[in-house]
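Observations on chain architecture
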Amino acid sequence: MILSRIRQRNKQNSASSPDTSAADQAVPADAPREGAGHPVTVEGLHAYYGKSEALKGIDIEFEANRVTAIIGPSGCGKSTLIRCLNRMHEVTPGAHAEGKVKLGDVDIYGAGVDVTTVRRVIGMVFQKANPFPTMSIFDNVAAGLKLGGVRGENLRDRVHRSLRSVGLWDEVKDRLDTPGIGLSGGQQQRLCIARTIAVEPEVILMDEPASALDPASTLKIEELMDELKARYTIVVVTHNMQQAARVAATTAFMLNGELIEHGPTSEIFTNPKDERTERYVTGKFG
Amino acid sequence: MSGKPIDGPPPLLLTGTPGERRRRLVDKLMTLLARLAAWLAVAVLAIVVGSVFVKGIGAFNLDFLTKNPVPFGQTGGGIADSIVGTAILVALATVMAVPIGFLIAIYTSEFARPSVANTVRFALDILNGIPTIVIGIFVFGVLVAGHTQSGFAGAVALAIVMLPLTARSAHEVLTLFPSSLREAGLALGLKRWRIVLRIMLPTAAGGLITGVVLGIARIAGETAPLLFTTSIFSNFGITTNVSQALPNIPVTIFTLSESPSPADHEQAWAAALLLILMVLILSVVARTFHERSRNRLRG
């Protein structure tokens, strides 16, 4: 079912590839996409590293077209949770997960589901920007597309559109062939986001995307999250509670592998229901 | 105790205790010994290269490199046929060993369970330690006995020598590949093989090439594998027919040095000089590639 959605989207794109040379400014970078926005529902998720249990039964829904933040002290399992959402957790040797993670109504851990397709539909941006060092800016953004069979005009359009969506276009349009690692840290991270959205996922997972960046770049990334939520469901792990307050409508607080509390961001910070949440957000620990 | 008042803390003595002085002497001595050992190593290399150079430069000229050997008794001629033969043997061995070596390295670094990977690497280490004369006899038994010698058999023997070298150095390079890049590829929804071929190999290319060049430098001078497989040449002339024994530099050095003619001995030294020059140049090339690839990965 996820596969058929991907096929539909590819057909739409090849049918409507505009002439970007003439209509450079006219192509809206934020044209609404059909099929945008699917919620991610987690049911009874347990995750293990070998014998050690890192997630002890998580139930949560990440709403469509919203930014949800996951906060908590180091080691609480927030990175493990987010890595379970696109099945990257099982890449670690000895790690496995049990339970259900549903995108819409399809369980990505279900039988017969192709893992690489899951990862294309649920994209991930990492804490430290990791552009491919031997590839140019263009090739970096195109990597997911090229190595998945997209070619020619369609490829060029989608790469340009991605770069526009992340606000990098003006900064790099004259040097698309220069190496991706020649950009600054903040630009590299936006490049990685462009690379992720070029394959047009449904969900974007971000694991502390701005923690290695300076404040100016962090602000750019946060503005980007706000724009992107119109088209994608976004889940952000962050150490920075102020950031969660700035970007996320909903926040989840985790501790020791358990989900303690989950609700509107303003409530979590001003009127938390659980005592442990209150102690964390007021800085008494973590 | 004594009547004299003491103002302030006692003065510091930084000259050191007697034990301190002895330790300093030992330190100087050990540093000196280490330095001498390093110079000794360099000196050995210099002596070897120097003596081959001195003995061989006399016969090392354009004719030597471009002419074929002359029949016994005459002077002049060169080892052009051996040069061509070595080039063919090395090229053929490389074409055989490198793809297999790379595939083994990809398997042990990316796909195999640690226990399986360790077993494979152990087997490769043992293969690396087998004396090349044993490999020569083995290939002789399989490919030469009952037929004739052939360049192909020689290339197979050289490939067996080259295989563990290539696989081991490629494995080292691939395990150094940053896992953040592998994760970036996986998170894009790319299949493992795509990530290996289109992202890992190009990024690691410099280190991989270094390994190949070092392997070539090693097998270019291997004699024992060739003694049994391609040492009896039928005609004096450049030949590229790998189904027959191909003349090659190491065996030629051997036969020339056994000859009663002093002119032949001079040519043997010159051929040895040629081999050393080849190894030197290849090592420098390998070094350059290694530096470039290291700088690439550091971004």
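Cut-offs used in this document
Residues numbered from 1 in each chain as written. Chains lettered and ligands numbered in written order. Predicted model: local features only at pLDDT ≥ 70, side-chain atom pairs only at ≥ 80, totals over all residues. Helix = DSSP H or I, 4+ residues; strand = E, 2+ residues; numbered from the N terminus. Rg over C-alpha atoms; globule rule 2.2 N^0.38 Å. Buried ≥ 20, exposed ≤ 12 C-beta atoms within 10 Å, placed from the backbone. Contact = placed C-beta atoms within 7 Å. Pairing = 2+ DSSP bridges. Core = buried A, V, L, I, M, F, W, Y, C linked by C-beta atoms within 7 Å. Axes fitted to C-alpha atoms, helices over the stretch in contact; angles between N-to-C directions. Parallel < 35°, antiparallel > 145°, perpendicular 65-115°, else oblique. Left-handed = near helix turned anticlockwise from the far one by under 90°. Nonpolar A, V, L, I, M, F, W, Y, C, P; charged D, E, K, R; others polar. pLDDT = per-residue confidence, 0-100.

Attention now moves to the overall build of chain B. When helices and strands are counted, chain B shows eleven helices and zero strands. When its helices and strands are written in sequence order, chain B yields α-α-α-α-α-α-α-α-α-α-α. In terms of overall size, chain B is more extended than a compact globule, its C-alpha atoms giving a radius of gyration of 28 Å where 299 residues would be expected to give roughly 19 Å. Along the first, second and third principal axes, the C-alpha set of chain B runs to 105 × 65 × 35 Å. Among the 299 residues that make up chain B, the fraction classed as buried is 36%. For chain B, restricting intrachain contacts to residue pairs at least 6 apart in sequence, the fraction spanning at least 24 positions comes to 77%.

What the four strands build is an open sheet, ordered β2-β1-β4-β5 (chain A); its pairing is antiparallel. Pairing within the sheet leaves two strands with one partner each, and these edge strands are β2 (52-62) and β5 (106-107) of chain A.

Attention shifts here to the pairing of strand β10 (residues 258-264) of chain A. Residues and elements named next belong to chain A. Judged from the six bridges that link them, strand β9 (residues 250-255) and β10 form a sheet pairing that is antiparallel. Counterpart to Thr251 in the pairing with β10 is Gly263. What sits between the antiparallel neighbours β9 and β10 is a turn of two residues, in which Asn256 has the positive phi angle 55°.

Right, let's talk about helix α2 (residues 78-85) of chain A for a bit. Note that an α-helix has 3.6 residues per turn; residues three or four places apart therefore point the same way. All names here are of chain A. In terms of residue burial, α2 counts as a mostly covered element, since seven of its eight residues are buried. Among all positions in α2, only Lys78, Thr80, Leu81, Ile82, Arg83, Cys84 and Leu85 are buried. Directly after α2, the chain includes Arg87, whose backbone phi takes a positive value near 55°.

Val236 of chain A together with Leu158 of chain B are the most contacted members of the largest nonpolar core, which totals 132 residues. Apart from residues no more than four positions distant in its own chain, Leu158 of chain B is found in contact with Leu89, Val90, Ala93, Ile219, Glu222 and Pro225 of chain B. Ile79, Ile249, Ala268 and Ala270 of chain B belong to the second-largest nonpolar core, a separate cluster that totals 14 residues.

Residues and elements named next belong to chain A. Taken together, six strands build an open sheet; the order of strands is β6-β7-β8-β3-β9-β10 and the sheet is mixed. Looking at the sheet topology across the chains shown, the edges are occupied by β6 (122-125) and β10. Each strand of the sheet is rotated relative to its neighbour by a mean of 20°, with strand direction disregarded. With five bridges connecting them, strand β7 (residues 203-207) and strand β8 (residues 233-237) associate as parallel partners. Residue Leu205 lies in a different strand from β8, and its bridge partner there is Val235. Across the sheet, helix α7 (residues 185-198) lies against β6 and β7, angled at about 175° from β6, the strand it touches most.

The next thing to look at is unusual backbone geometry. Residues and elements named next belong to chain A. Despite not being glycine, Asn65 shows a phi value in the positive range, around 55°. Inspection of the secondary structure puts Asn65 in the loop between β2 and β3 (67-71). With a phi angle near 50°, Glu208 is a residue other than glycine that sits in the positive phi range. In this structure, Glu208 sits in the loop between β7 and α8 (215-228). Overall, Glu208 belongs to the partly exposed group, with 19 C-beta atoms counted inside 10 Å.

Next up on the list: the packing of helix α4 (residues 137-146) of chain A against α7 of chain A. Residues and elements named next belong to chain A. In contact at an axis separation of 7 Å, α4 and α7 are set at 30° when each is read in the N-to-C sense. As far as their axial angle goes, α7 and α4 are roughly parallel. Viewed along their axes, α4 and α7 form a crossing whose handedness is right-handed. In contact with Ile137, Asn140, Val141, Ala142, Ala143, Gly144 and Leu145 of α4, α7 contributes Leu191, Ala194, Arg195 and Ala198. Broken down by class, the residue content of the contact of α4 with α7 amounts to eight nonpolar, two polar and one charged.

Let us look at the environment of Leu13 of chain B. Here Leu13 of chain B lies in the segment before α1 (18-56). For Leu13 of chain B and Arg192 of chain B, which are 179 residues apart along the polypeptide, the C-alpha to C-alpha distance reads 66 Å.

Right, let's talk about the interface of chain A and chain B for a bit. The interface of chain A with chain B comprises 21 residues on the first partner and 18 residues on the second. When residues of the side of chain A that touches chain B are traced back to their parent elements, those giving at least two are α3 (115-121), β6 and α4 of chain A. If you tally residues by element for the side of chain A that touches chain B, the top one is α3 of chain A, at four residues. Residue classes in the side of chain A that touches chain B are distributed as ten nonpolar, seven polar and four charged.

Now for the environment of Gly19 of chain B. For Gly19 of chain B, the position within the fold is in helix α1. Since 8 C-beta atoms lie within 10 Å of it, Gly19 of chain B is described here as exposed.

So, about the pairing of β6 of chain A. Residue and element names in this part refer to chain A. On β6, burial covers both faces: Ile122 and Met124 on one face and Gly123 and Val125 on the other are all buried. Where β6 meets β7, four bridges bridge the pair, whose relative direction is parallel. Pairing of Val125 across the sheet is with Met206, part of β7.

All names here are of chain B. On average, residues of chain B score 87 in pLDDT, and 93% of them are at 70 or above. For chain B, the element scoring lowest by mean pLDDT is helix α2 (residues 62-66), at 81; helix α4 (residues 114-129) scores highest, at 94. Per the prediction output, this complex has pTM 0.75; the corresponding ipTM is 0.80.

This part is about α4 of chain A. All names here are of chain A. In terms of burial, α4 is largely enclosed, as eight of its ten residues are buried. Of the positions making up α4, those classed as buried are Ile137, Phe138, Asn140, Val141, Ala142, Ala143, Gly144 and Leu145. Looking at the buried residues of α4, the elements they touch are α3, α5 (152-165), α6 (169-172) and α7.

Before going further, it helps to examine the confidence of the model for chain A. In the predicted model, chain A carries a mean pLDDT of 84, and the fraction of residues at 70 or more is 87%. Confidence over residues 1-35 of chain A falls short of pLDDT 50; this stretch has 28 contacts with residues more than four positions distant or in other chains.

What follows concerns the packing of helix α3 (residues 80-111) of chain B against helix α6 (residues 151-175) of chain B. All names here are of chain B. In contact at an axis separation of 6 Å, α3 and α6 are set at 35° when each is read in the N-to-C sense. Seen along the crossing, α3 lies across α6 with a hand that is right-handed. Its residues assigned to classes, the contact of α3 with α6 comprises 22 nonpolar, nine polar and no charged.

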